[in-house]
Structure formats: C-alpha cells, structure tokens
Amino acid sequence: MDKKVILTLAGLILGAVCSQDPFGGLVGGILGFLLGQAWGFSIQVKGLEREVIRLNSLMTQNTSETVAQDSPSSNNQPAVDNTVPATALTSSPDLEPDTSVRSGAEKTSKTYKKSDWNEASVSTFDAYDSDSKAPSLFTKVCDKVRDFFFQGNPVVRVGMLVLFFGLSFLAKYASGAGLFPIELRLTVIALVAIALLGLGWKTRVRHNGYGLILQGGGIAALYLTLFAAGKLYTLMPTSLAFGLMFVIVLLGAALAVLQNAQILALMATAGGFLAPILTSDGTGSHVGLFSFYLILNMGVLTIAWFKSWRLLNWVGFIFTFVITSTWSVLSYEPDLYVTTQPFLLAFFALYLTISVLFSTKQPPKLKGLVDGSLVFGLPVVAFGLQTMLLKHTEYGLAISALLLSAVYIVLASMLWKKYPETHRLLIESFIALGAVFATLAVPLALDASWTSATWCIEAAGLVWIGARQQRLLPRIAGYAMYALGVISLQFDANFQSDLLAIFKNNGIGLLILAVSALAIALVLQRQGRSVSLHERYLEWVGITFGLTWWMMFGLLELLTRLAEHWVFAAIIVFISLSMLGVMVLSGRLRWPNLLRATYSLLPLVALWISGFAVVWWAGLSSMHPFASLGWLALCVFAVVQYRFLWLQRECREEGVKAAIESKLTQYWHVLTAWLLLGTAYWELQWWQQAMNWHPVLTLLLWFIAFTGPLVALMVALKRTHWPFQTYLTDYKDRLPVPLVALTGFWFVVASIESGEIGFLYLPLLNPLDLMQLAIVVLLGYLFKSNVFGLAHVDRVYRIGAPALLGFVWLNILVLRTMHHYDEVAYNAFDLWQSSTVHMALSILWSLCALVIMNASRRLQNRKLWILGASLLGLVLLKLFTKDLTGTGNLARIISFMVVGGLMLLIGYLSPIPSRDASNVSAETKEEQV
C-alpha cells in the first residue's frame, strides 16, 4: 500500500484517539498525509542526487579524454572536435531517462563544447522558462508552503512549529488553571528555550538545517517568555523586559548573520511577531505592542545591513503592517493619534531604509537590484494607514502626501549623487513615487479645478520625459494623468450632466487643458521616432482635444460676457482668429499636422451660422448675419479661410494621405464659396421680410443675387489668377451647381407672377420678361461653355435644353400678354378656359414649328424636321380636342385658319429632308444656324 495512504490512516486514528474529537482525527490525517508526501519527495530527491552524481562523473570522463587528445604529445594527430554529444548523456545503462527525453535526444545532432556546457544549459532552461506560462500568485504561495513542508528537514520544521504552539497553549492553560506559580511556569519555558538554543548551536552543522530550526524555535520561545513576564504578569519592569527582548533580537540577528541562515532569522522574527498575538487577552496597550514590534523591526534592519534577505524583509513588513492595519480598523480613535503617529513614522522609516539597503547590499553583479514589492507596497500601505489617522483633519493628508513626496525626491537625489549608474532603477522608482504623492497632494489640498490644471501640466511633463528617455511607462502615466485631469472637472460640478454647468466657472482650467493637450501633441510630433507607431496617432488626439478645450473656453467666455446681439459676430471672429493663430504657430514650430487642423475652421463656422439660421427660421430670434458687425466678421472669416487655402495650394507630400488632403482642399474651396453665398442669401431674405418689397422688386433682387455670382464666375474663369485657374474644375463644374439650381427655381417662381408693375405692360420690354430672357441666354452660354463637365454630353441635348427653356419663356410671354390685354386672370384655370389664349398658343406653336422645320431644311437634318412635325402634331391634337369644342367662337375660328395656313406654308417651304442629305457634318450646320 502507498506510504501516503498508510500514514494518512495512521494520523486519522491517532488524532481521533488522542483528542477524542473528530476534528483531531482530521488534523492527524492531514499531518499523516503531509509526512507521507514529504517521505515520497525525500526518496525522489535522493534518486535525483544519484543521477546528478552520475552525470558529473560522465562529464569529468569526457573532459579528461578531450584534454588527452589536445595534449602536446598528440601534435601530429589530427584535430578532434572538442565537443560533447548531446546523445551521450543518455548512453549510460544505469540511467533510465524518460523515453520522451531519449527520443528527443536521438532526434537532435547538436553538440556542445565543454567550455560552453554550463552556458548552453542555462540558456536552454532560460528559453524554456521564457516560453512557459508565468506562475500565478496562488501557485507561488502554494509552492512556498510546499517548500516549507517538503524541502530540507520538514519533520523538524513541523515539529518545531507544533512545539511552539504547544508552549504557548501550555502557558495559557496553566495560567487559567493556576497549577503552578507564574514565575515557575515562565522559568520552565525560558529554560526550554535556552536548551533549544544550546542544542541548536551544537547541532548547527547537521544536514538540512536541523540546528537552525531549533535555534529559531528557542528565540521565539524567549520572546514569548519575556513578553509575558514584562507585559502580562508585570514580573519585571517593562523597560527591563523590552531591553532583554532587544538583546534577544540582537542575538537572533547575530546568529542568523554568523551562520548565514535566513531560516533562523525568519523563525526568530516570525516567533517574535506571533508572541504578543498568541498570549494576548485583549486588554493590552497599543503602545506596548507597537514598541515591541519596533524592536523586532530594528532587528530586521540590523540583519538587512549585513544580508540582502528579501523574504525576511517581507515577513517583517507583512507582520508589522497587517497587525497594525487590523488594530487601526478595530480600535483606533482620534484621541490616540499622538501615541500612534510616531510608530507609523518609525515603521515607515525602518522599511524605507530596508528597501534601500536591499539594493545597496547586493553582490557586485546585482548592484541596484530593487525589491519592487517593498518599494511600492510600503508607501501605499503607510499612506493608507495615514489616511485613517488623519481623516478627521482638513489638510492633514495633503501635508502628509507633500512630505512623503519630498522624502522620496530628496532620497532619490542623494542616491543619484552616490550611485548614478548602478542604482538607476531604484532612483527612478523613488522619483516616480515622489511625483505620484506630489500629484496626490493637489486634490487633497485644492479644489477640482486646480487639481485638473495641475495634473494636466504634470501629464505633459511625464509624456515629455517618457519620449526623451524612450520609455513607455512614463508616457502611459502621462496619458492617464491627463484623463484624470479631465475627469476631475466633474468633481467640481458634482457630476452634473450639463456641460455648461461643468465648465462655466472653469475657464482657467479649460485653458490649461487646451495648452497641456497641445503640449503633449507637440512632444509626440517632435519625438516621433521615440514613440511607437500607434502612439503617433495620439498627436492628432492631442491637437483635437487642445483645440476643443480652447474653443469651449472662448465660447463660454463670450457667451457670459457679451450682449446677445454681439455674440454671433464675436464667435465667428474668435474662431477665425484662433485658426489664424494656429496657422502662425504651425509655421513657427514647423508643425504640419497643426496646420491641417485649420481644416476645422470651415465646419465650425458653418455649424455656428447654421445654428443661428435655424433659430431665426424658427422665429426665436430677430438676428441676421450682417447685423452688429456680422458682415465684418464674415469678411475676417473669408480672409483667414482663403489664406489657409492659399497655404494648402501646393501639396508637399506624396501618397494616399496627400491625395486625400488635395481632394479635401478642392472641396473646401467649393464649400467655402457656398457658405458665403448662403449667408448672403440669408441676409437678403431678412431684408425682404423686413422691408416688405413689391413682388417684382423682390424677384429683381433675387435675380441679381442668383445670376450675378454666375456672371462674375464666368468672367473670373477667363482670368489666370488663383484660385480659379488652380482649381478650374471645381469652380467651373461644382461651384455653379446650386446657383444654377436656384436660378431655375427663380425662373419657375417668376413664371407664376403676372408681371404687374403698376403702369403700362409692354410685352418683352417689361422687367420680368427681360429677366427670364436673360436666364435663357445665360443658360445657353453656360451650356456652350461646357459648365458642369458637359463636354461629354451629346451636343443635341446641350442645345436642346436652352431651346426648350426659350420655348417655355415664349409661352409665358404670350400668357402674360393675354392677361394684360385680354383681361384674363393670370391663373391656370382661367387661362385654360380662355379661347383667346388657346388661339394665341396654337399660332405660337405653329410658328415655332415653322421655324424648326425651316431650319431643318437648311441644315438637312431629318431629326430636327421630325421635332417640328411633332410640335405641329401637338397643335393639331389641341385644335381637335380643345379648340373644336367652341367652333362658333371667333378666336377658335382664327386658330384653325391661321394654323392651316401656316401648315400650307411649312409644306411649301420645308418639305421633309431626304435621307441622302448633304455630307456636311451636322455640327457644322448647327454652327451655321
């Protein structure tokens, strides 16, 4: 049966019999299992030791053979490769390695030189460790517990631990039962402890640390005895008890240092920390407890002066601050501050010194090694306890954080002077801690606004330091610090959801946020080679945030300080001048991305104007864009915007980004012109409503507003000045689109008007007819000039569209004439019911057909003749459907007679062209027409 099973069962039985309690049986079973496990591990370790001895002998044999081959007597012998085959390690029949290892060894032919054997082995194991998954914290703790029980001499360790608890319980039981005088009980315990010390010293050379474990147990028992005698039973003065304890501390430290035994120091230290806990009845003073722990920690400090025992430092640190924190949570009151604060300061100073000693007392090759857990864990725990002590004060924590920052900064400067190279990591750690506590002091002392400002400035400094030193951690800390600075403004507004309420009274804070963000962006731009590729995108984030905070600052300041009628113009001027400053700054700093940020000028101003326009259209404001120097603000915007577009006229880069930027610049030219025109139309609309103009006068003004820019644009396109020739396609094909659309809309609206102007109406010579004729001519000119990129459109359509619009204009001219001279109401129903109107339209359409078909004869264009015939067919359809219903009417009679006569004339003058027409091209004939 397996040893572990036998010992587990034996432990269960013995534990149950001895304790007469099922819980005792469980404890006995666990101890039996642990002993069985330790026994099995011991056997495995011995087997591994034997295998290591065999491997060493094999290495020695191979080395002697290699030396013999390289001796001078074999100079005439051919050189033999001084290598040790990797497969040789498995050649011994006495060794029975794992088959998987053997197969792996057989698959490789790699050999190692003897001189490189250790290095190769180390590198191999290092590679294995680097590839394997790092153990978790729970795994590390389990490994430490397993090592304590199953490595070295676990039986003695467990026995010593059980004996220590037994002595503690014996003292407590004897005290409660009153079996022996207290002096006798303590004397017996002290004698047992001294005996353990003596026996441990005598057996200090035994294998597996037997004597060291006994010495540790003896020291812990002496701690227990002196503490009970001096504090619990007052058998000796407290000062004498603590003096003796200090001697015991020194004795334990001396024994540990002399024997280079960390385990002894651990046993002595742990026993000392556990002594007051095990013997406490809850009535002791915290001053006595902390004084005792102070003495123990002085022993840890003494050992740290000679030995860099990290585990010992951690044991003292954990015991000290865990017990101190527990007492603070359960028993601390504000009136105990005077007797508690000195101990916290002393504990902090002791372990701060220990953390420095651990780094300075390392061997030469490990100089500067840092115990990061202690270096960073100490200030966190200590400041947490300080928070509990000073939470009732107003500025106590702020002063504490500032003093703590000063301590770390001063200590870092001292170490820098003495160890500038070897202890660089420790120095940087202290500088970081100093910066953290200096940062923490700000919100503890100042309001959220100043906290935000301070943190953002510090963030810029951290990013700059991290970029200069090519270190990622300071840069990440800087980014996080800036985010905290932004969030801290919320605290000042008690987390209100209204942004205006949050930022209204934080103008300086917003300004510092903006400057800090731009500073971070500038650092990333200057140190672009020192940061990662992904971090370079944060330059744009910084520029965006910086300009956003700046715009928000200006917006809030102007909204709160200016009268309402000045706000519209003031905001446009502020945005425009801000972007002008951006352009100047980008030129001075040679910062191209900052200049590209000026692309935001157009959308920002457009958004602001659109918002005001919506408010005006909704009737919530009587503002108009040119009021209160709005015209001047728009001029400033136009100057700044076109200055920026002038700077962007030449793309200085290549690639996809340059192509996108060039395309964006083209669109910005068009959109800028549209925005300025739209603002001018808004102003004209306001004037129209305010002045209540005559309809014809209104149409005249809008006619000038729509066609004037088109005519000016056509004239400008013939010039060679910037930007028309540089961006010819944009100004010729894209810019006129809304103007032509609005002009067409104006033509439709004007067609509904009768042209009544209060005096004699003259067909063709009145303002409305002339304006519509001008639009027909302008449209024909635009189509001839190939505007909108119509060069690829069929020429028939380019000529037909203006001709169709001219035909519509002729019909409207006739309808207006009928309205004024025949007194037909100018509406669709009355005009449709008028026989005179139908007569005039029939004659007009027939004349148009005559002209079209006569032109087709001269051009020998059969399609054009068919178009005229179609129009003539439409006249006939109208005659026999609408006009025929009133044959007794003179107007309808005239319609039939005139149309008939015109058709006879058409038949005589314009017969249908033959299919075999002249070879002259259609385009040449059209040009002749």
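Only a predicted model underlies this, so the values are computations on that prediction, with no experimental measurement involved.

Asker: How would you summarise the overall build of the protein if you had to cite specific residues and measurements?
Answerer: Scanning the protein from N- to C-terminus turns up 37 helices and 2 strands. The buried share of the protein, taken over its 929 residues, is 41%. Total accessible area on the protein is roughly 50800 Å²; 67% of this is exposed by carbon and sulfur atoms.

Asker: Let's hear about a nonpolar patch on the surface: which residues, and what values?
Answerer: A surface patch of nonpolar side chains, amounting to about 540 Å² of accessible area, comprises Leu562, Trp566, Phe626, Leu629, Trp631 and Leu632. Secondary-structure assignment places Leu632 in helix H26 (residues 630-647). Residue Leu632 is classed as partly exposed on the basis of its relative accessible area of 38%.

Asker: Summarise the nonpolar core; cite the residues concerned and give the values.
Answerer: Grouped together as the largest cluster of nonpolar side chains are 72 residues, with contacts concentrated most on Tyr293, Phe321, Tyr351, Tyr408 and Phe430. In terms of residue count, the dominant contributor to this core is helix H13 (residues 337-360) (10 residues). Counting residues in hydrophobic clusters, the runner-up holds 57 residues, among them Leu699, Leu713, Leu735 and Leu831.

Asker: Account for the environment of Gly230, with residues named and values stated.
Answerer: As for its placement among the helices and strands, Gly230 is situated in helix H8 (residues 210-232). In this structure the C-alpha to C-alpha distance between Gly230 and Leu240, which are 10 residues apart in sequence, comes to 7.7 Å.

Asker: Any details on the packing of helix H14 (residues 372-390) against helix H15 (residues 396-418)? Residues and values, ideally.
Answerer: Direction vectors running N to C along H14 and H15 enclose 155°, while the axes themselves pass 10 Å from each other. As the angle between them shows, H14 and H15 are arranged roughly antiparallel. You can see that H14 and H15 cross each other, and the crossing is right-handed. In contact with Val375, Pro379, Phe383, Gln386, Thr387 and Leu390 of H14, H15 contributes Gly396, Leu397, Ser400, Ala401, Leu404 and Tyr408. Of the residues assigned to the contact of H14 with H15, the class counts are 8 nonpolar, 4 polar and no charged.

Asker: Any details on the pattern of salt bridges? Residues and values, ideally.
Answerer: In the structure shown here, the tally under the stated rule is 5 salt bridges. Arg734 serves as the salt-bridge partner of Asp730, at 2.3 Å between the closest nitrogen and oxygen. One end of the pair, Asp730, and the other, Arg734, are both in helix H29 (residues 728-734), 4 residues apart, so they sit about a helical turn from each other. Among the residues examined, Asp730 registers a relative accessible area of 3% and is labelled buried. With a shortest N-O distance of 2.5 Å, Asp769 and Arg816 are connected by a salt bridge. Here the residue Asp769 occupies a position in helix H31 (residues 767-784), and Arg816 occupies one in helix H32 (residues 795-822), the gap between them amounting to 47 residues.

Asker: If you had to explain helix H30 (residues 736-752) to someone new, which residues and values would you point to?
Answerer: The end-to-end C-alpha distance of H30 is 25 Å, a good match for the 24 Å that 17 residues give at a rise of 1.5 Å each. Buried within H30 we find Pro736, Leu739, Val740, Thr743, Trp746, Phe747, Ala750 and Ser751. Burial along H30 is one-sided: seen end-on, the buried residues are contained in an arc of 135°. Pointing more than 90 degrees away from the buried face of H30 are the exposed residues Ala741, Phe745, Val748 and Ile752.

Asker: Pulling in residues and values, what's your account of unusual backbone geometry?
Answerer: Following Trp722, the chain continues into Pro723 via a peptide bond in cis, with omega recorded as 5°. Position of Pro723 among the secondary structure elements: in the loop between helix H28 (695-716) and H29. Not every positive phi belongs to a glycine, and Arg590 is a case in point at roughly 55°. Relative to the helices and strands, Arg590 is located in the loop between helix H23 (564-589) and helix H24 (592-596). Under the relative-accessibility criterion, Arg590 is labelled exposed at 71%.

Asker: Can you tell me about helix H22 (residues 538-561), naming the residues and giving the values?
Answerer: When the terminal C-alpha atoms of H22 are compared, their 34 Å separation across 24 residues agrees well with the 34 Å that a helix rising 1.5 Å per residue should span. Looking at H22, one finds that the buried residues are Glu539, Gly542, Ile543, Gly546, Leu547, Trp549, Met551, Phe553, Gly554, Leu556 and Leu558.

Asker: Please set out the packing of helix H11 (residues 286-306) against H13 residue by residue, giving values where relevant.
Answerer: It is the contact of H11 with H13, at a shortest axis distance of 10 Å, that shows an interaxial angle of 15°. By the angle between their axes, H11 is roughly parallel relative to H13. Crossing handedness for the pair H11 and H13: left-handed. Contacts between H11 and H13 involve His286, Val287, Phe290, Ser291, Tyr293, Leu294, Asn297, Met298, Val300, Leu301, Ala304 and Trp305 from the former and Thr339, Thr340, Phe343, Ala346, Phe347, Leu350, Tyr351, Thr353, Ile354 and Leu357 from the latter. Its residues assigned to classes, the contact of H11 with H13 comprises 16 nonpolar, 6 polar and no charged.

Asker: Quick rundown of the packing of aromatic side chains? Include the residues and the values.
Answerer: Aromatic rings considered in pairs are described by the distance between their centres and by the relative angle of their planes. A complete count under the given rule lists 32 aromatic pairs for this structure. For the ring pair Phe290 and Phe347, a centre distance of 6.3 Å and an interplane angle of 85° mean the geometry is edge-to-face. With Phe290 in helix H11 and Phe347 in helix H13, the pair connects residues that are 57 residues apart, well separated along the chain. Note on Phe290: relative accessible area 1%, which makes it buried. With a relative accessible area of 1%, Phe347 lands in the buried category.

Asker: So what's going on with the confidence of the model for the protein? Which residues, and what values?
Answerer: Averaged over the protein, the pLDDT score is 75; the fraction of residues at 70 or greater is 72%. For the protein, per-element mean pLDDT is lowest for helix H4 (residues 117-131), which scores 37, and highest for H26, which scores 93. Overall, residues 70-133 carries pLDDT values under 50, and its contacts beyond four positions in sequence, including any with other chains, amount to 34 contacts. Note on residues 493-498: pLDDT under 50 across the span, and 6 contacts to partners over four residues away in sequence or across chains.

Calculation notes
- Residues numbered from 1 in each chain as written.
- Predicted model: local features only at pLDDT ≥ 70, side-chain atom pairs only at ≥ 80, totals over all residues.
- Heavy atoms only, no water.
- Helix = DSSP H or I, 4+ residues; strand = E, 2+ residues; numbered from the N terminus.
- Buried < 20%, exposed > 50% of the residue type's maximum accessible area, 1.4 Å probe, protein only.
- Areas by Shrake-Rupley, 256 points an atom, 1.4 Å probe, with all protein chains shown as cover.
- Patch = residues over 30% accessible without salt bridge, like charges linked within 9 Å, V, L, I, M, F, W, Y side chains within 5 Å.
- Salt bridge = Lys/Arg side-chain N within 4 Å of Asp/Glu carboxyl O.
- Core = buried A, V, L, I, M, F, W, Y, C linked by side-chain atoms within 4.5 Å.
- Axes fitted to C-alpha atoms, helices over the stretch in contact; angles between N-to-C directions.
- Parallel < 35°, antiparallel > 145°, perpendicular 65-115°, else oblique.
- Left-handed = near helix turned anticlockwise from the far one by under 90°.
- Contact = heavy atoms within 4.5 Å.
- Nonpolar A, V, L, I, M, F, W, Y, C, P; charged D, E, K, R; others polar.
- Expected span 1.5 Å × (residues − 1).
- Arc of directions from axis to C-beta.
- Phe/Tyr/Trp six-rings, centres within 6.5 Å; stacked < 30°, edge-to-face > 60°.
- pLDDT = per-residue confidence, 0-100.

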